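Breakdown of the fold
For reference, the chains in residue letters:
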Amino acid sequence: MSKKVCSLLSGGKDSTYALHKAVDFGYEISCIVSIKPIRKDSYMFHFPMVELTSLQTESMGLRKVHHILSLSGEKEKEVEELYYELSRIKKENDFNTLVIGGIASHYQLNRFKTLAEKLSIDLFDPQWGANPEKYMYDLLDYNIHFIITQITTYGIPIEYLGIEINKEIIDRIIEFSKKYGFHAAFEGGEAETFVINAPLFRKGICIESYKKKISDFEYSLLLKNAYLCDNAKSTILNS
């Protein structure tokens, strides 16, 4: 039986890469689901700029199978809500596999496994268990172009907010992760990302935003404008 997948897409580097790997494996994309939690401290779902996933799916020619869901973001309740939403979507766009982009969070993996079992489908997590340092370079080698949209930990310079991440920046992030003890691929939520270009994108995404300080070690991008463009870029505006 061929794999028809529903891919969870937050807009960040990990879920975008997982979707691409599903295509590499020859799986058919039956649906894409993006989740906008009402609570910003959701245990399961990435929050910043998730609404811009509509530009990503438009760029990939998959807008018609894209669903953006609003869930509570409350611990455990959000998983149950997702189960009911996926059950509904499955009746419209049948799929037999759920694609996720987890690397090391057993909390998330265990809940997605339970969710898949309840839906009687398989789970596909292509980067699970990857070495976080090598994985960051693999993303660049695969041509996943991404920016950091939010910083929530000490040790990641604000200068990296909103600029496209390159090898030199990853070199420094890895150094800082060893010095300050955060996960080099941000699996602990130390930072959030957004992909502005990738192999399946027919056009890039241009973003205009401001930097905002939330607290001593927390910074975020405030979006002003985002649109499809020929040459993806992120522009930081003066506040």
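Residues numbered from 1 in each chain as written. Predicted model: local features only at pLDDT ≥ 70, side-chain atom pairs only at ≥ 80, totals over all residues. Heavy atoms only, no water.

1. Focus: the packing of helix α5 (residues 132-141) against helix α6 (residues 167-180)
How two helices sit against one another is set out by the angle between their axes and by the gap between those axes. The test is simple: Each axis is a line fitted through C-alpha atoms, taken for helices only over the stretch in contact, and angles between the N-to-C directions span 0 to 180 degrees. The way it works is that DSSP assigns letters per residue, a run of H or I at least four long becomes a helix, a run of E at least two long becomes a strand, and they are numbered from the N terminus. Angle categories: roughly parallel below 35 degrees, roughly antiparallel above 145, roughly perpendicular from 65 to 115, and oblique for all the rest. Crossing handedness: left-handed means the near helix sits turned counterclockwise from the far one by under a right angle, and right-handed means the same turn made clockwise. Contacts are assigned to residue pairs with any non-hydrogen atoms lying within 4.5 Å of each other. Three categories are distinguished: nonpolar for Ala, Val, Leu, Ile, Met, Phe, Trp, Tyr, Cys and Pro, charged for Asp, Glu, Lys and Arg, and polar for the others, with Gly belonging to the last.
At a closest axis distance of 10 Å, the pairing of α5 and α6 adopts a crossing angle of 165°. When the interaxial angle is binned, α5 and α6 end up roughly antiparallel. The way α5 lies across α6 gives a crossing that is right-handed. Facing α5, whose interface residues are Glu133, Met136, Tyr137 and Leu140, α6 presents Lys167, Ile170, Asp171, Ile174 and Lys178. Among the residues making up the contact of α5 with α6, the classes are represented as five nonpolar, no polar and four charged.

2. So, a nonpolar patch on the surface
How we decide: Patch definition: residues above 30% relative accessible area lacking any salt bridge, with like charges linked at up to 9 Å and the nonpolar side chains Val, Leu, Ile, Met, Phe, Trp and Tyr linked at up to 5 Å. Only the protein chains shown count as covering a residue, and every accessible area follows the Shrake-Rupley method with a 1.4 Å probe. In what follows, salt bridge is the name for a side-chain nitrogen of Lys or Arg lying within 4 Å of a carboxyl oxygen of Asp or Glu. A simple rule labels every residue: compare its accessible area, found with a 1.4 Å probe on the protein chains alone, to the largest value its type can have, and call it buried under 20%, exposed over 50%, or partly exposed in between.
A contiguous nonpolar surface patch, about 310 Å² in accessible area, is contributed by Tyr154, Tyr180 and Phe217. The topology assignment puts Phe217 in the loop between β8 (204-215) and β9 (218-229). Residue classification places Phe217 among the partly exposed positions, given a relative accessible area of 41%.

3. Description of the environment of Ser54
Checked against the element boundaries, Ser54 lands in helix α2 (residues 53-59). Overall, the relative accessible area of 16% leaves Ser54 in the buried class. Considering only alpha carbons, one finds Ser54 and Gly11, 43 residues apart in sequence, at a separation of 9.0 Å.

4. Here's the deal with the state of the cysteines
A disulfide bridge is the covalent bond that connects two cysteines by way of their sulfur atoms. Just so we agree on the cut-off: By definition, disulfides here are pairs of cysteine sulfur atoms that lie within 2.5 Å.
For the structure on display, the rule yields two disulfides. The residue that forms a disulfide with Cys6 is Cys31, at a sulfur-sulfur distance of 2.2 Å. Since a negative S-S torsion denotes a left-handed disulfide, the Cys6-Cys31 link at about -135° is left-handed. A residue pair is termed long-range when its members are at least 10 positions apart, and Cys6 in strand β1 (residues 4-8) and Cys31 in strand β2 (residues 28-37) qualify at 25 residues. For Cys6, a relative accessible area of 0% gives the class buried.

5. Quick notes on the sheet that holds β2
Note the following rule: Two strands pair if DSSP finds at least two bridges between them.
Strand order in the open sheet formed by five strands is β3-β2-β1-β4-β5, with parallel pairing between adjacent strands. Only two strands of the sheet have a single neighbouring strand rather than two, namely β3 (66-71) and β5 (122-124). Across the sheet, the mean angle from the axis of one strand to that of its neighbour is 25°, orientation sign disregarded. Packing of helix α4 (residues 106-119) onto the sheet brings it into contact with β1, β4 (97-99) and β5, and relative to β5 it is tilted by some 145°.

6. Quick word on helix α3 (residues 77-92)
Under the convention used in this document: In a helix, the anticipated span is given by 1.5 Å times the number of residues less one.
For α3, built from 16 residues, the straight-helix expectation of 22 Å at 1.5 Å per residue is met to within 8% by its first-to-last C-alpha distance of 24 Å. All of the buried residues in α3 are Glu78, Val79, Leu82, Tyr83, Leu86, Ser87 and Ile89.

7. Concerning unusual backbone geometry
Even without glycine at this site, Ser120 takes up a positive phi of about 60°. In this structure Ser120 comes out as exposed when scored by relative accessible area, which is 67%. The phi torsion at Asn143 lies on the positive side, around 70°, for a residue other than glycine. Assignment of secondary structure puts Asn143 in the loop between α5 and β6 (145-151). Overall, the relative accessible area of 43% leaves Asn143 in the partly exposed class.

8. Quick look at the pairing of strand β7 (residues 191-197)
Of all the seven residues making up β7, six are buried; the element is thus mostly covered by neighbouring parts of the structure. Note that β6 and β7 share six bridges and pair antiparallel. Considered in β7, the bridge of His145 is made with Asn197.

9. Considering the pattern of salt bridges
Pairing is possible between side chains of opposite charge, provided their charged atoms come close. Following the criterion strictly, the structure yields 15 salt bridges and no others. Residue Lys36 is joined to Glu51 by a salt bridge in which the shortest nitrogen-to-oxygen separation is 3.5 Å. With a gap of 15 residues between them, Lys36 in strand β2 and Glu51 in the loop between β2 and α2 connect regions that are remote in the sequence. For Glu51, a relative accessible area of 33% puts it in the partly exposed group. The partner of Arg88 in a salt bridge is Glu92, with the nearest N and O atoms 3.7 Å apart. Placement of both Arg88 and Glu92 in helix α3 is noted, with a separation of four residues, approximately one turn of the helix. A single salt-bridge network, built from bridges that share partners, covers Glu85, Arg88 and Glu92.

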